[in-house]
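Coordinate analysis (summary)
Take a look at the letters that make up each chain.
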Amino acid sequence: MKKTILTLTAAATLFACTPTDSYKISGEYKNVPTDSKIYLAELTTDNIVYLDSAEVNNGSFSFAGTQSAPAVRFLFYSLPTGGDDIIPIVLENGSIKVIIDDKATVTGTELNNAMQQYKSDFDAITGRAETLFMQAGEPENQTPTKRDSLQALTDALSKELSATITTHIKKNIKNPIGAFLISTTGQMCDPEEIYNVVDSVPEAYRDERFKRFCKQFKESLITKNGALNTQVGNSYINFELKNPEGNKILFSDIVEKNKYTLLDFWASWCGPCRKAM
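**A few points about the pairing of strand β3 (residues 48-55)**
In this structure, strand β2 (residues 37-43) lies alongside β3, joined through seven bridges in antiparallel fashion. By the bridge assignment for β3, L43 is matched with I48. Here β2 hands over to β3 after four residues, the two strands then running antiparallel side by side.

Rendered as structure tokens:
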């Protein structure tokens with residue numbers, strides 16, 4: 001009985017020491033520059049908002065705090081060769097592990113594992129694309145046949161990348177990763193696929209960057225569809241206006257009565273237009 005009580009007490013102590021209402025970021029920076037700091041920040045549409053900083057001591061750094069809801073944030077750090085780099089990280093309560101080497105990885109919590117899987121898939125495809133780009137510049141690949149072959153492979157990779165991004169967006173549409181991917185890589189996806197999911201993003205994750213993307217995306221889509229819909233040979237776009245008596249009338253009500261219809265747009269403030277009428 002005494003042994004059982006001691007075991008239960010030890011288990012309770014273990015769980016008590018594993019906080020679920022706070023986060024701990026433990027990082028390793030290999031080949032770290034001298035006197036280096038890591039900055040935790042939020043990106044808005046126009047600014048970088050620094051939230052915290054940590055000294056790198058003997059290749060290690062850490063952050064700790066609490067987070068009411070998961071959010072995509074960023075770690076800024078200096079490179080050994082000069083310049084800076086940035087890592088996206090999902091700030092959520094739990095133990096998060098960051099390793100900065102030739103390629104940075106962020107793991108440990110559910111959403112950071114999901115983000116890391118996306119980055120791994122993305123890097124694998126773009127790595128193959130870089131190889132094709134290098135091959136395209138080689139002298140032996142300058143014949144029309146070789147160029148066409150490499151272009152076909154590049155087009156296939158582009159479609160694969162688009163499908164991969166879309167898959168990760170859909171998997172994460174109810175968490176902040178979905179909104180982050182839409183706002184940063186949504187332009188690389190099939191517009192119809194993105195159009196069908198943007199409204200599923202929870203309001204809590206619709207930050208300034210996401211809202212700006214959606215506004216520009218929908219405006220672009222409207223322009224594109226409008227241009228396609230008004231091409232010669234396509235059916236007319238129906239619309240509703242008022243006649244001189246003030247009654248509403250559909251354009252289709254006029255067109256369907258005639259074999260040919262000449263449509264002349266004019267404005268009441270336009271003198272030549274009024275004269276022509």
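**Quick word on unusual backbone geometry**
If a residue is not glycine, its phi is most likely negative; likewise, a peptide bond is most likely trans. Unusually for a residue other than glycine, N31 sits at a positive phi of about 60°. The topology assignment puts N31 in the loop between β1 (23-29) and β2. Although it is not a glycine, N58 sits at a positive phi angle of roughly 55°. As for its position among the elements, N58 is in the loop between β3 and β4 (60-65). On the basis of relative accessible area, N58 is assigned to the exposed category, the value being 84%.

**A word on the packing of aromatic side chains**
Here the structure, examined in full by the defined rule, presents seven aromatic pairs. Members of the aromatic cluster, joined through ring pairs, are Y39, Y50 and F76.

**Describing the pattern of salt bridges**
Using the criterion set out here, one finds five salt bridges in the structure. When the shortest N-O distance is used, the salt bridge between E55 and K37 registers 3.9 Å. On the criterion of sequence distance, the pair formed by E55 in strand β3 and K37 in strand β2 is long-range, its members being 18 residues apart. Overall, E55 belongs to the partly exposed group, its relative accessible area being 45%. With relative accessibility at 32%, the residue K37 sits in the partly exposed group. E193 is the salt-bridge partner of K170, the closest N and O atoms lying 2.8 Å from each other. Separated by 23 residues along the polypeptide, K170 in helix α3 (residues 144-171) and E193 in helix α5 (residues 191-195) bring together distant segments of the chain.

**Points about a nonpolar patch on the surface**
Taken together, Y39, I48 and Y50 make up a surface patch of nonpolar side chains, about 290 Å² in accessible area. Counting through the fold element by element, Y39 comes out in strand β2. For Y39, a relative accessible area of 33% puts it in the partly exposed group.

**Observations regarding the packing of α3 against helix α4 (residues 176-185)**
As a packed pair, α3 and α4 sit with axes 8 Å apart at the nearest point and diverge in direction by 150°. The angle between the axes of α3 and α4 places the two elements in the roughly antiparallel class. Crossing angle aside, the handedness with which α3 passes α4 is left-handed. For the pair α3 and α4, the contacting residues are I165, H168 and I169 in the first and G178, L181, I182 and T185 in the second. Here the contact of α3 with α4 is built from residues that sort into four nonpolar, three polar and no charged.

**A closer look at helix α2 (residues 110-136)**
Its 27 residues give α2 an end-to-end C-alpha distance of 40 Å, which sits within 8% of 39 Å, the value for a rise of 1.5 Å per residue. Along α2, the residues classified as buried are L111, N112, M115, Q116, Y118, K119, I125 and L132. Contacts from the buried residues of α2 go to β5 (71-78), β6 (84-91), β7 (94-100), β8 (105-107), α3 and α4.

**Things to note about the nonpolar core**
With 33 residues, the main nonpolar core has M115, I169, I182, I194, V201 and F210 as its most contacted residues. Breaking this core down by element, the ones donating at least two residues are β2, β5, α2, α3, α4 and α6 (208-229). If sequence neighbours within four positions are ignored, V201 has contacts with I173, A179, I182, R206 and F210. Membership of the second largest hydrophobic core comes to 18 residues, among which are Y23, F61, F63 and L75.

The rules behind these values
Residues numbered from 1 in each chain as written. Predicted model: local features only at pLDDT ≥ 70, side-chain atom pairs only at ≥ 80, totals over all residues. Heavy atoms only, no water. Pairing = 2+ DSSP bridges. Helix = DSSP H or I, 4+ residues; strand = E, 2+ residues; numbered from the N terminus. Buried < 20%, exposed > 50% of the residue type's maximum accessible area, 1.4 Å probe, protein only. Phe/Tyr/Trp six-rings, centres within 6.5 Å; stacked < 30°, edge-to-face > 60°. Salt bridge = Lys/Arg side-chain N within 4 Å of Asp/Glu carboxyl O. Patch = residues over 30% accessible without salt bridge, like charges linked within 9 Å, V, L, I, M, F, W, Y side chains within 5 Å. Areas by Shrake-Rupley, 256 points an atom, 1.4 Å probe, with all protein chains shown as cover. Axes fitted to C-alpha atoms, helices over the stretch in contact; angles between N-to-C directions. Parallel < 35°, antiparallel > 145°, perpendicular 65-115°, else oblique. Left-handed = near helix turned anticlockwise from the far one by under 90°. Contact = heavy atoms within 4.5 Å. Nonpolar A, V, L, I, M, F, W, Y, C, P; charged D, E, K, R; others polar. Expected span 1.5 Å × (residues − 1). Core = buried A, V, L, I, M, F, W, Y, C linked by side-chain atoms within 4.5 Å.

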